[in-house]
Amino acid sequence: MIRIEGRDISIYDQPDYKQGKRRGKEDVQVIRPDSLIPEEMKGIGKGKKFLIRTYGCQMNTHDSENMAGLLLEMGFESTEETMEADVILLNTCAIRENAENKVFGEIGHLKALKVERPELIVGVCGCMSQEESVVNRIMQKHQHIDLIFGTHNIHRLPELLRNAIYGKEMVVEVWSKEGDIVENMPRARQGKTQAWVNIMYGCDKFCTYCIVPYTRGKERSRLPEDIIAEVRDLARQGYKEITLLGQNVNAYGKDLEGKNYGLGHLMDEIHKIDIPRVRFTTSHPRDFDDHLISVLSKGGNLVEHIHLPVQHGNSEILKLMARKYTREQYVELAHKIKMAIPNASFTTDLIVGFPNETEEQFEETLSLVREIEFDSAYTYIYSPREGTPAAKMKDNVPMEVKRERLGRLNALVNEISAKKNLDYQDQIVEVLVEGESKKNPDVLAGRTRTNRLVNFVAPKSVIGKIVYVKVTEAKTWSLNGEMVEMAEVKQ
Ligand code: SF4
């Protein structure tokens, strides 16, 4: 127990980068707890509410569903209203500086509420909690935080919450380790139509700009039988779409001893399950093998959308990023996939302003976008992450140059996306209706198999269903249309 600014702090474990990047020293345990809720914690949430703010990627959304599952089992109800909450968890993202600044802004805002309601419990978890500097900053400057835990010990939430509630001190428990797999976690999924199915955790790629291998541990695959059982159960429950999730799903199975079993094998088995749509994310070109391509070309419930981050168009920069493939190898792979799945949409991630990036090298990113004709792309300005090798490189591209290049890149990506969307004009597309459009509650929104956003007017009763829409207007990022009857489709 230490004391800072009058606040007792119990540190059970705190993050350690060196530990976080170790590999090959620990065996992966598959933990199958009967119950994760200590007796005295059952019912502690009766009449109380929790709020989880989730930042960042789908992996965090998945983890928040597990945390919500645990809190519901403790009797809490969920709320979206900060003022109603008795427990507030910030499930954080450490991928870029602005993501971190957003969280510290929120932490600051919650101080006033904590002063007003001292019994409120505020916790910080997710990838930022795995960073030494972040945990130190919270302990030194934000003593109104009650709980800090990480990405490896989410299943410990009930016990840690008990200690924070009864102990009145700040509780810090963050494990920096290679990582285990915890099965049987209670799960409060968002919605009844689409579901995230985690197939693996962590990443061993160590791209020089990326914090994930330090915050999420080593690549470790769930057992195929556990994944398939989960997918079968979701199909039984009537889910229409699942997304197989991992930081690098293409490395699935590489760590399963004695098993020649990869993502292609898993997709092939899921291909036989009666669920209309199957997606997967996030891929890494280095592990995208021919077997997977041949399985994906079977179609059926394996939808025609490939998200394959390239990050840059110049091989020198790819080398500095330690992506371990060249531009040429990426182009060859992209063409191989497009040959095998001709009507697939192809999307990617791109970083501008990486250390030493010259105008000529940036131009190669533009020329790669023209050559592959990505249907869309997530584009980012390089943001140094403390503890990563790239953070030691001189961040020598001025911010105004980074912004100017991002502007040119986005203009090109938009131009191609708009052109590609024109191919859908007057076509009839299959749409999984996700709900009301964000912009207009009288309009419904959903996605095609190629992950195009479609907006159309229809009765709310079709939400959660697969319908057919005739495209009447193709825009840069979305399609507008009219719902058509099945009969018309057959014509
Ligand atoms: S593959 Fe993705 S998650 Fe893994 S280190 Fe590279 S960028 Fe990060």
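All figures in this text were calculated on a predicted structure; none of them were measured in a lab.

Asker: Just give me the short version of the overall build of the chain, but keep the residues and values in it.
Answerer: Within the chain, the secondary structure is distributed over 14 helices and 23 strands. Whereas a compact globule of 491 residues would reach a radius of gyration of roughly 23 Å, the chain reaches 23 Å, a difference of no more than 12%. Dimensions of the chain, computed from the C-alpha atoms along their principal axes, are close to 70 × 55 × 50 Å. Looking at the chain as a whole, 58% of its 491 residues qualify as buried. Of the contacts made within the chain by residues no fewer than 6 positions apart, 76% connect residues no fewer than 24 positions apart.

Asker: Lay out the domain arrangement of the chain in plain terms, naming residues and giving numbers.
Answerer: According to the domain assignment, the chain consists of domain 1 (2-173), domain 2 (218-303), domain 3 (306-422) and domain 4 (428-490). Each partner contributes to the interface: domain 2 provides nine residues, whereas domain 4 provides nine residues. Note on domain 2 versus domain 4: buried area summed over both sides is about 670 Å², and carbon and sulfur give 44% of it. When the buried surface of domain 2 facing domain 4 is broken down by residue, Lys 240, Arg 277 and Arg 279 rank first, second and third, together holding 70% of it.

Asker: I'd like a description of the layout of surface pockets, backed by residues and values.
Answerer: In this structure, the second largest pocket spans a volume of roughly 620 Å³. If you go around the second largest pocket, you meet 35 residues; those closest to its centre are His 62, Asn 66, Val 182, Met 185 and Tyr 201. Only helix 2 (58-73), strand 10 (181-182) and helix 7 (224-236) provide two or more residues apiece to the lining of the second largest pocket. With five residues, helix 7 is the single largest residue contributor to the lining of the second largest pocket.

Asker: An account of the site of the ligand is needed here, citing residue identities and associated values.
Answerer: Taken together, Cys 203, Lys 205, Phe 206, Cys 207, Tyr 209, Cys 210, Val 212, Pro 213, Gln 247, His 284 and Arg 323 form the complete shell of residues around the ligand. Grouping the constituent residues of the shell around the ligand by class yields seven nonpolar, two polar and two charged.

Asker: Please give an account of the sheet that holds strand 21 (residues 453-457) that cites residues and values.
Answerer: Read once around its circumference, the closed barrel built from five strands follows the order 19-20-21-23-22, with strand pairing classed as mixed. The mean angle between the axes of side-by-side strands here comes to 50°, regardless of whether they run parallel or antiparallel. As defined by bridge partners, strand 20 (residues 444-447) adjoins strand 21 across four bridges and the pair is classed as antiparallel. Looking at strand 21, one finds that Gly 446 is bridged to Val 454.

Asker: Break down the pairing of strand 15 (residues 277-281) for me, with residues and values.
Answerer: Taking burial as the measure, the five residues of strand 15 include five buried ones, the bulk of the element. In strand 15, alternate side chains face the same way, and those of Arg 277, Arg 279 and Thr 281 on one face and Val 278 and Phe 280 on the other are all buried. Sheet topology places strand 14 (residues 241-245) next to strand 15; five bridges connect them, and they run parallel. When the bridges of strand 15 are listed, Leu 245 appears paired with Thr 281. Handedness of the crossover joining strand 14 and strand 15 through helix 8 (residues 263-270): right-handed.

Asker: Help me get a handle on helix 13 (residues 399-422), residues and values and all.
Answerer: The end-to-end C-alpha distance of helix 13, which contains 24 residues, comes to 34 Å, matching closely the 34 Å that a straight helix rising 1.5 Å per residue would cover. Considered for burial, the residues of helix 13 that qualify are Lys 402, Arg 405, Leu 406, Leu 409, Leu 412, Val 413, Ile 416, Ser 417, Lys 420 and Asn 421. Those residues of helix 13 hidden inside the fold are in contact with helix 11 (327-340), strand 17 (345-352), helix 12 (359-372), strand 18 (376-381), strand 22 (466-474) and strand 23 (478-484).

Asker: Describe the packing of helix 2 against helix 5 (residues 157-167), naming the residues involved and giving the relevant values.
Answerer: Packing of helix 2 against helix 5 leaves a shortest axis separation of 10 Å and a crossing angle of 60°. Between helix 2 and helix 5, the angle falls in the class oblique. Two packed elements cross with a definite hand, and for helix 2 against helix 5 that hand is right-handed. Contacts from Met 67, Leu 70 and Leu 71 in helix 2 reach Leu 157, Pro 158 and Leu 161 in helix 5.

Asker: So what about unusual backbone geometry? Which residues, and what values?
Answerer: Backbone torsion omega between Thr 281 and Thr 282 reads 15°, so that peptide bond is classified as cis. Positioned with a positive phi, Glu 373 is a non-glycine residue whose angle comes to about 55°. Position of Glu 373 relative to the elements: it lies in the loop between helix 12 and strand 18. Glu 373 gets classed as partly exposed once you look at its relative accessible area, which sits at 24%.

Asker: Lay out the environment of Thr 282 in plain terms, naming residues and giving numbers.
Answerer: With respect to the helices and strands, the residue Thr 282 is situated in the loop between strand 15 and helix 9 (290-296). The exposure class of Thr 282 is partly exposed, given its relative accessible area of 21%. Separated by 24 residues in the primary sequence, Thr 282 and Ile 306 place their C-alpha atoms 9.4 Å from one another. Dropping the residues within four chain positions of it, Thr 282 is found in contact with Gly 246, Gln 247, Asn 248, Val 249, Asn 250, His 307 and Pro 309. Within the structure, the side chain of Thr 282 is placed 3.1 Å from the side chain of Thr 281, a separation counted as a polar contact.

Asker: Tell me about the packing of helix 3 (residues 97-116) against helix 4 (residues 132-141), residues and numbers included.
Answerer: Interhelical geometry of helix 3 versus helix 4 gives an angle of 15° and a closest axis separation of 13 Å. Judged by the inter-axis angle, helix 3 sits roughly parallel to helix 4. Seen along the crossing, helix 3 lies across helix 4 with a hand that is right-handed. Contacts from Glu 100, Phe 104 and Ile 107 of helix 3 reach helix 4 at Val 134, Arg 137 and Ile 138. When its residues are assigned to classes, the contact of helix 3 with helix 4 shows four nonpolar, no polar and two charged.

What counts as what
Residue indices follow the written sequence of each chain, beginning from 1 at its first position. It should be noted that, the model being predicted, local features are given only for residues of pLDDT at least 70 and side-chain atom pairs only at 80 or more, the latter also being counted only at that level, while totals for whole chains, interfaces and linings use all residues. Excluding hydrogens and water, the side-chain figures rest on all heavy atoms present in the structure. Put simply, DSSP marks the helices as runs of H or I at least four residues long and the strands as runs of E at least two long, and each gets a number from the N terminus on. Throughout, the radius of gyration refers to the C-alpha atoms, and the reference size of a globule is 2.2 Å times the residue count to the power 0.38. Exposure is judged per residue with a 1.4 Å probe applied to protein chains only, and the accessible area is read against the type maximum: over 50% gives exposed, under 20% gives buried, and values in between give partly exposed. We call two residues contacting when some pair of their heavy atoms lies within 4.5 Å. Start and end points for every domain follow an automatic or database-based domain assignment. Put simply, buried area is the surface a 1.4 Å probe can reach on two separate parts but cannot reach once they are joined, added for both. Method remark: on a 1 Å grid restricted to protein atoms, a set of points is classed as a cavity if a 1.4 Å probe fits but cannot get out and as a pocket if it is open with protein on both sides within 12 Å along at least five of seven lines; lining residues have an atom within 4 Å of a point. Grid points are joined across faces, edges and corners, and a volume is the space filled by probe spheres set on the points. The nearness test applies per residue and asks whether one of its heavy atoms lies within 4 Å of the molecule or strand. Charged residues are taken to be Asp, Glu, Lys and Arg, nonpolar residues to be Ala, Val, Leu, Ile, Met, Phe, Trp, Tyr, Cys and Pro, and polar residues to be all remaining types, Gly included. Here, a strand pair is defined by DSSP locating no fewer than two bridges between the strands. The axes are straight lines fitted to the C-alpha atoms, using for helices just the contacting stretch, and the angles between their N-to-C directions are given from 0 to 180°. With its strands directed away from the observer, a crossover is right-handed exactly when the path from the first strand over the helix to the second travels clockwise. One fewer than the residue count of a helix, multiplied by 1.5 Å, yields its expected span. Every angle not falling under 35 degrees, over 145, or within 65 to 115 is termed oblique; those three ranges are roughly parallel, roughly antiparallel and roughly perpendicular. By definition, turning the near helix anticlockwise from the far helix through less than a right angle yields a left-handed crossing, and turning it clockwise yields a right-handed one. Counting of polar contacts relies on pairs of N or O atoms within 3.5 Å, with two restrictions inside protein: one atom must be capable of donating a hydrogen and the other of accepting it, and residues adjacent in sequence are counted only when both atoms are side-chain atoms.

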